[in-house]
Amino acid sequence: DTIAPDPDRIVLFAVSLGGIPAVEMGVYDPGCAMILQAPFTGIEPISAENNGVALPGQFLTEGHFENHLKIQDYDAPLFVMIGTEDVKFSVESVTELHDNAGTPDAQKKLWVVDGVGHGISDVGIAEWSTNRWLEEIDLFLDDEGSACRP
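Below: a short report on this structure. Given the structure is predicted, the values throughout are model-derived calculations rather than measurements. (Residues numbered from 1 in each chain as written. Predicted model: local features only at pLDDT ≥ 70, side-chain atom pairs only at ≥ 80, totals over all residues. Heavy atoms only, no water.)

A look at the overall build of the chain
- For the chain, the helix and strand inventory stands at 7 helices and 4 strands.
- When the elements of the chain are put in sequence order from the N terminus, they spell out β-α-β-α-α-α-β-α-β-α-α.
- Sequence separation of 24 or more characterises 64% of the internal contacts of the chain that already satisfy a separation of 6 or more.
- When the accessible surface of the chain is split by element, carbon and sulfur atoms take 54% of a total near 8,000 Å². (Helix = DSSP H or I, 4+ residues; strand = E, 2+ residues; numbered from the N terminus. Contact = heavy atoms within 4.5 Å. Areas by Shrake-Rupley, 256 points an atom, 1.4 Å probe, with all protein chains shown as cover.)

Structure below.
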């Protein structure tokens, strides 16, 4: 017995801090695709954007949480989404994470949603329009992530 009927069709999905284990897992076992919503980018970019003292990233971490670098080793289809009003992770750092992925450009999708925050308390993408969120995921799985479909 297996948990998944077809382990080759597992889609890694993560929101916010869930991006840490999702990217880590994806580097070792990419599944058929990865979807990251408002993903954790890394200690270094967060420190650079939010620290009044501007401490270097290596002062705060040994690199275990640097998704923007680790994702270079991920090469399966990737869908990354972020709101322009996200107060946790900037559009620029999430775009860098997307761009750094080892995934071929034809299998990458970045969706930047104007006026949307990080989630729940400040209206994230899924809360802003659940139907549109599901449509975008469905389109990604039809196009870039077609290997995930039965």
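Considering the pairing of strand β4 (residues 108-113)
- As judged from the 6 bridges shared by strand β3 (residues 78-83) and β4, these two strands associate in the parallel manner. Looking at the pairing, Phe-79 lines up with Lys-109 of β4. (Pairing = 2+ DSSP bridges.)

Some words on the pairing of strand β1 (residues 11-15)
- Only one face of β1 is covered, namely the one carrying Leu-12 and Ala-14; the face carrying Val-11, Phe-13 and Val-15 has none of its residues buried.
- With 5 bridges connecting them, β1 and strand β2 (residues 33-37) associate as parallel partners. Directly across from Val-15, in β2, lies its bridge partner Gln-37.
- Following the backbone out of β1, through helix α1 (residues 19-28) and into the adjacent parallel β2, one traces a crossover that is right-handed. (Buried < 20%, exposed > 50% of the residue type's maximum accessible area, 1.4 Å probe, protein only. Right-handed = clockwise from strand over helix to strand, strands pointing away.)

Side note on the pattern of salt bridges
- According to the stated counting rule, one finds 7 salt bridges in the structure shown.
- A salt bridge links Lys-70 to Glu-24; the shortest N-O distance between them is 2.4 Å. Taken together, the residues Lys-70 in helix α4 (residues 67-70) and Glu-24 in helix α1 connect sequence positions 46 residues apart.
- Its relative accessible area of 31% is what places Glu-24 among the partly exposed residues. (Salt bridge = Lys/Arg side-chain N within 4 Å of Asp/Glu carboxyl O.)

Considering the packing of aromatic side chains
- Tallying each qualifying case throughout the model produces 5 aromatic pairs.
- Ring centres of Phe-40 and Phe-89 lie 5.8 Å apart, and the angle between their planes is 80 degrees; this geometry places the pair in the edge-to-face category. Note that Phe-40 is positioned in the loop between β2 and α2 (43-50) and Phe-89 in the loop between β3 and α5 (91-100), a separation of 49 residues in sequence. Like Phe-40, the residue Phe-89 is buried in the burial classification.
- One aromatic cluster in this structure is built from Phe-79, Trp-111, Trp-128 and Phe-140.
- For Lys-109, the ring lying beneath its charged end belongs to Phe-79, and the centroid distance is 4.9 Å. (Phe/Tyr/Trp six-rings, centres within 6.5 Å; stacked < 30°, edge-to-face > 60°. Lys NZ or Arg CZ within 6 Å of the ring centre and 35° of its normal.)

Some words on the nonpolar core
- Formed by 20 residues in total, the largest nonpolar core has its most connected members in Met-34, Leu-36, Ile-71, Tyr-74, Leu-78 and Val-80.
- Broken down by secondary-structure element, the contributors of at least two residues to this core are β1, α1, β2, β3 and α5.
- Excluding residues that lie within four positions of it along the chain, Leu-36 makes contacts with Ala-14, Gly-19, Ala-22, Val-23, Ile-71, Leu-78, Phe-79, Val-80, Met-81 and Leu-97.
- Of all hydrophobic cores here, the second largest spans 15 residues; its members include Ala-33, Ala-126, Trp-133 and Leu-141. (Core = buried A, V, L, I, M, F, W, Y, C linked by side-chain atoms within 4.5 Å.)

Details of the sheet that holds β4
- Taken in spatial order, the 4 strands of this open sheet run β1-β2-β3-β4, and their pairing is parallel. This sheet does not close on itself; its edge strands, each paired only once, are β1 and β4. Across the sheet, the mean angle separating the axes of adjacent strands is 10 degrees when strand polarity is ignored.
- Relative to β3, β2 runs parallel, the two sharing 4 bridges. Its bridge partner being in β3, Ile-35 is matched across the sheet by Phe-79.
- Sheet strands touched by α5: β2, β3 and β4. Its angle to β3, the strand with the most contacts, is close to 175 degrees. (Axes fitted to C-alpha atoms, helices over the stretch in contact; angles between N-to-C directions.)

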